[in-house]
Amino acid sequence: MTCIFCAIASGEIPANRVAEDEVGVAFLDAKPKSPGHTLVVPFEHVSDLGDGSEVFVRMAPFVTRVAQQVVDKLGADGVNLVVNSGAIAGQEVFHLHVHVIPRYADPDAVPSSVDGVLEALRA
Ligand code: 5GP
Ligand code: ZN
């Protein structure tokens, strides 16, 4: 069965990519919980933390950089890093990923359109 995040990571299907390094890619979530909600996905297919704890450790520096990018470029005041590992924990896509969810003290000061978010994150 095709894995949607493998297809995005390889470029086979499009996504709003905002960062990439040797371990994986970061792209905007299709249904953001806040403007700039980004998913960090490893190139290697592992389904969850149980399957991919070593991959998770290798992703940590990249996740940290993406979180900093979101804070710096969008002016977020804080950020949630979330991993849903396992269906019971709310995981819906079974390719390990980290949610980077920016939080804003003043939501009116944030670009509201996807294009505005992308422009700021890629600047
Ligand atoms: P999970 O519940 O598995 O941790 O979250 C999966 C996330 O992936 C959800 O927030 C959902 O909006 C996002 N998502 C699912 N399919 C796609 C897709 O095709 N493209 C993008 N950009 N995000 C997706
Ligand atoms: Zn995959």
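Whatever comes next refers back to the structure up there.
Calculation rules
- Residues numbered from 1 in each chain as written.
- Chains lettered and ligands numbered in written order.
- Predicted model: local features only at pLDDT ≥ 70, side-chain atom pairs only at ≥ 80, totals over all residues.
- Heavy atoms only, no water.
- Helix = DSSP H or I, 4+ residues; strand = E, 2+ residues; numbered from the N terminus.
- Rg over C-alpha atoms; globule rule 2.2 N^0.38 Å.
- Buried < 20%, exposed > 50% of the residue type's maximum accessible area, 1.4 Å probe, protein only.
- Contact = heavy atoms within 4.5 Å.
- Areas by Shrake-Rupley, 256 points an atom, 1.4 Å probe, with all protein chains shown as cover.
- Lys, Arg positive; Asp, Glu negative; His and termini not counted.
- Charge placed at Lys NZ, Arg CZ, Asp CG, Glu CD.
- Phe/Tyr/Trp six-rings, centres within 6.5 Å; stacked < 30°, edge-to-face > 60°.
- Donors = N, O, S within 2.8 Å, 3.2 Å for Na, K, Ca; no water.
- Tetrahedral: all angles 85-135°; square planar, octahedral: opposite > 155°, others 65-115°.
- Core = buried A, V, L, I, M, F, W, Y, C linked by side-chain atoms within 4.5 Å.
- Salt bridge = Lys/Arg side-chain N within 4 Å of Asp/Glu carboxyl O.
- Pairing = 2+ DSSP bridges.
- Axes fitted to C-alpha atoms, helices over the stretch in contact; angles between N-to-C directions.

**Looking at the overall build of the protein chain**
- Across its full length, the protein chain carries three helices and five strands.
- Overall, the protein chain shows an N-to-C arrangement of helices and strands of α-β-β-β-α-β-β-α.
- In terms of overall size, the protein chain behaves like a compact globule, its C-alpha atoms giving a radius of gyration of 14 Å where 123 residues would be expected to give roughly 14 Å.
- By principal-axis analysis of the C-alpha atoms, the protein chain measures approximately 40 × 30 × 25 Å.
- Relative to its 123 residues, the protein chain shows a buried fraction of 42%.
- Residue pairs in contact within the protein chain that sit at least 24 positions apart in sequence constitute 58% of those at least 6 positions apart.
- When the accessible surface of the protein chain is split by element, carbon and sulfur atoms take 54% of a total near 6,800 Å².
- Here the protein chain contributes 8 positively and 16 negatively charged side chains, and the mean placements of these two sets differ by 1 Å.

**Points about the packing of aromatic side chains**
- Tallied over the full model, the rule gives one aromatic pair.
- Pairing F5 with F27 gives two aromatic rings, centres 5.5 Å apart and planes at 75°, and the pair type is edge-to-face. Taken together, the residues F5 in helix α1 (residues 4-10) and F27 in strand β2 (residues 24-28) connect sequence positions 22 residues apart.
- The exposure class of F27 is buried, given its relative accessible area of 3%.

**Side note on the coordination of the zinc ion (ligand 2)**
- On the protein side, the zinc ion (ligand 2) has C3 (SG), C6 (SG), H45 (ND1) and H95 (ND1) as donor atoms, found 2.0 to 2.3 Å from it.
- The coordination sphere of the zinc ion (ligand 2) comprises four donor atoms, whose angles at the metal cover 105 to 118°; the geometry is tetrahedral.
- Sequence spacing of the donor residues for the zinc ion (ligand 2), all on one chain, is C-x2-C-x38-H-x49-H. Highlighted residues: H45 in the loop between β3 (38-42) and α2 (53-74) and H95 in the loop between β4 (78-82) and β5 (98-103), separated in sequence by 50 residues.
- H45 gets classed as partly exposed once you look at its relative accessible area, which sits at 39%.

**Quick look at the nonpolar core**
- Of all hydrophobic cores here, the largest spans 25 residues; its most connected members are A26, V40, M59, F62, V66, L74 and L121.
- Of all the elements in the fold, those that place two or more residues in this core are β1 (17-20), β2, α2, β5 and α3 (114-122).
- No other element matches α2, which puts eight residues into this core.
- With residues up to four places along the chain from it excluded, the contact list for L74 reads P35, G36, Q69, Y104, P111, V117, A120 and L121.
- One finds C3, I8, F27 and L39 within the second-largest nonpolar core, a separate group that totals eight residues.

**A short note on the pattern of salt bridges**
- Across all of its chains, the model carries three salt bridges by this definition.
- For R17, the salt bridge identified is with E20, shortest N-O distance 3.1 Å.
- Judged by relative accessible area, R17 falls into the partly exposed class, the value being 25%.
- Close ionic contact of E44 with R58 constitutes a salt bridge, the shortest N to O distance being 3.4 Å. Of this pair, E44 sits in the loop between β3 and α2 while R58 sits in helix α2; the two residues are 14 residues apart in sequence, bridging distant segments of the chain.
- Take R58: its relative accessible area is 49%, and that puts it in the partly exposed class.

**Concerning the sheet that holds β2**
- Pairing in this open sheet of five strands is antiparallel, and the strands run β1-β2-β3-β5-β4 from one edge to the other. The open sheet has two free edges, formed respectively by β1 and β4, since each of these has just one partner strand. Going across the sheet, the axis of each strand differs from the next one's by a mean of 20°, ignoring polarity.
- The pairing of β2 with β3 spans five bridges and is classified as antiparallel. Counted as the bridge partner of F27 is L39 from β3.

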